[in-house]
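Single-letter residue listing:
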Amino acid sequence: MTFSDYLRSVRFRLITSHAAVLPFFAFPQERLDYRPEAGGWTVAEILEHIGLTSHYLLIIIDKSALKARRKASGTNLAQTVAAADPNPERLQNISRHRSFAWSRPEHMEPNGLADLQNVQDQLVDQLQRCLNHLQDLEDGAGLLHTTTMTVDNLGRLNVYEYIDFLARHVERHLTQIRKTLNELPK
């Protein structure tokens, strides 16, 4: 996969995952508040969790993008891009609900009290911030800075991989939302 193909795939995943999750905010409240029979989160809580997790991922992404842009000065980015070997498959498990065990930090746990309009606005803003980073770093500068990701023992991820992770996290919870809604009486 070429670097430009990889960037296109990350942008596509980001847009399609958010486009798929946003319509759930318009669902009737009783559907959003349904708790699965086996326990777990309501759809409203899942949406809140997506927003919380993306918030904390974007703190890392924003800082990493800034550091990458600074490192790009004086760097032969064409050479960096030519040497890049994107491996999106290493993030596949992130898209799959229940594909690995991970105990999320308490600050990413939904409390069920979030205003869903604020959460929706937050997700739209988060999507735009990620798209802005992809555009600003389309020259390959995002390859120049990596940050450790402990989830699923992924190790160090560059800025593009962090954005890809964020999009895949949304996909992961889309599956959870659909499973929850499929339990609702017809």
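Any chance you could explain the packing of aromatic side chains here in plain terms?
For any pair of aromatic rings, the description rests on two quantities: the centre-to-centre distance and the angle between the ring planes. A full pass over the atoms with the stated rule returns 2 aromatic pairs. Between the aromatic rings of Phe3 and Tyr160, the centroid separation amounts to 5.3 Å while the plane-to-plane angle is 75°, which identifies the pairing as edge-to-face. Within this pair, whereas Phe3 is found in helix α1 (residues 3–21), its partner Tyr160 is found in helix α7 (residues 159–183), the two being separated by 157 residues in sequence. No difference in accessibility class separates Phe3 from Tyr160, as the two residues are buried. Seen from their ring centres, Phe24 and Phe27 are 5.1 Å apart, and the 50° between their planes marks the pair as tilted. Judged by relative accessible area, Phe24 falls into the buried class, the value being 9%.

What is the right way to look at the pairing of strand β2 (residues 155–158) in this model?
When a strand is regular, its side chains alternate between the sheet's two faces. Sheet analysis places strand β1 (residues 146–149) next to β2, joined by 4 bridges and oriented antiparallel. Following the sheet pairing, Thr148 is matched in β2 by Arg156. Counting the residues between successive antiparallel strands, the hairpin from β1 to β2 contains 5 residues, one of them, Asp152, with a positive phi of roughly 55°.

Rules used throughout
- Residues numbered from 1 in each chain as written.
- Predicted model: local features only at pLDDT ≥ 70, side-chain atom pairs only at ≥ 80, totals over all residues.
- Heavy atoms only, no water.
- Phe/Tyr/Trp six-rings, centres within 6.5 Å; stacked < 30°, edge-to-face > 60°.
- Helix = DSSP H or I, 4+ residues; strand = E, 2+ residues; numbered from the N terminus.
- Buried < 20%, exposed > 50% of the residue type's maximum accessible area, 1.4 Å probe, protein only.
- Pairing = 2+ DSSP bridges.

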